[in-house]
Amino acid sequence: MDSATMLRLQAANGMGAEDAQMVIEGMAQAGVEPTYCMGDDIPLAVLSDKPHMLYNYFKQRFAQVTNPPIDPLREGLVMSLEMRLGGRGNLLNPGADTYRQVLLNSPILLETQMATIAQDTQLGTKTFPITFKARLQGSLTAALQQLCADVEQAVKAGCQCVVLSDRVTQSAMQPDVVPIPSLLATGAVHHHLIRTGEALGSA
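Residues numbered from 1 in each chain as written. Predicted model: local features only at pLDDT ≥ 70, side-chain atom pairs only at ≥ 80, totals over all residues. Heavy atoms only, no water.

(A) Focus on the overall build of the protein chain. Of the regular secondary structure elements, the protein chain holds 5 helices and 6 strands. In the protein chain, the order of α-helices and β-strands from amino to carboxyl end is α-α-β-β-α-β-β-α-β-β-α. Relative to its full complement of 203 residues, the protein chain shows a buried share of 19%. The contacts in the protein chain between residues at least 6 apart in sequence include a share of 64% that link residues at least 24 apart. Per element, the accessible surface of the protein chain, about 15100 Å² overall, is 58% carbon and sulfur. (Helix = DSSP H or I, 4+ residues; strand = E, 2+ residues; numbered from the N terminus. Buried < 20%, exposed > 50% of the residue type's maximum accessible area, 1.4 Å probe, protein only. Contact = heavy atoms within 4.5 Å. Areas by Shrake-Rupley, 256 points an atom, 1.4 Å probe, with all protein chains shown as cover.)

(B) A look at helix α4 (residues 139-156). The first and last C-alpha atoms of α4 sit 26 Å apart over 18 residues, in line with the 26 Å expected at 1.5 Å per residue. All buried positions along α4 are accounted for by Ser-139, Ala-143, Leu-144, Leu-147, Cys-148, Val-151, Glu-152, Ala-154 and Val-155. In this fold, the buried residues of α4 make contact with β3 (126-129), β4 (131-133), β5 (162-165) and α5 (182-196). Of the residues one or two after α4, Gly-158 is the one with positive phi, at around 115°. (Expected span 1.5 Å × (residues − 1).)

(C) Structural view of the pattern of salt bridges. In total, this model carries 2 salt bridges according to the counting rule given. Measuring nitrogen to oxygen at the nearest pair gives 3.5 Å for the salt bridge that ties Lys-133 to Asp-176. Taken together, the positions of Lys-133 in strand β4 and Asp-176 in the loop between β5 and β6 (177-179) put the pair 43 residues apart, joining distant regions of the chain. In this structure Asp-176 comes out as partly exposed when scored by relative accessible area, which is 26%. Residue Lys-156 pairs with Glu-152 through a salt bridge whose shortest N-O separation is 3.0 Å. Of this pair, Lys-156 and Glu-152 both sit in helix α4, 4 residues apart, which is roughly one turn of the helix. Since its relative accessible area comes to 54%, Lys-156 is described here as exposed. Residue Glu-152 is classed as buried on the basis of its relative accessible area, which comes to 15%. (Salt bridge = Lys/Arg side-chain N within 4 Å of Asp/Glu carboxyl O.)

Set out below in structure tokens:
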């Protein structure tokens, strides 16, 4: 991939030069999470007159940081990254289909693992693109409503694993089509499935 295409993809997903240099490069070269100082002198996004990514509006309070950090490596007795994919049956009345799930050691998956999950016939995995038309009033709300309706319909039809994808290829990239922030899309779908009583049917 040439640098111009990479820059366009980064800009489409709201990634700046600082994110690429200080976060992505370090993780790609050293394979470790970047470490910063304990203090954070960046002004709150809600008080800024500059445009911010949605994620910047969600900050961890300083008092919520544990010292030493709690992680599954040093605190394995009380914490785990394991998670399950698939519908959850009635735990009060367990049956043969109650525990038909895929156990993951970590919520972070490799490309090969994602491909395997996508081909799992038991899970019935289905991928939903999360994009909307830019510069069109009400398009984001309409796109979220349509996404929630599509996911609900898929879960009712037997889909037990929902994948929300903001990945855009170079050929499909258009100036007026931008990705919905994954945090917003995931939250909208999650709460919609809770309201409709379908949350336990998928992951």
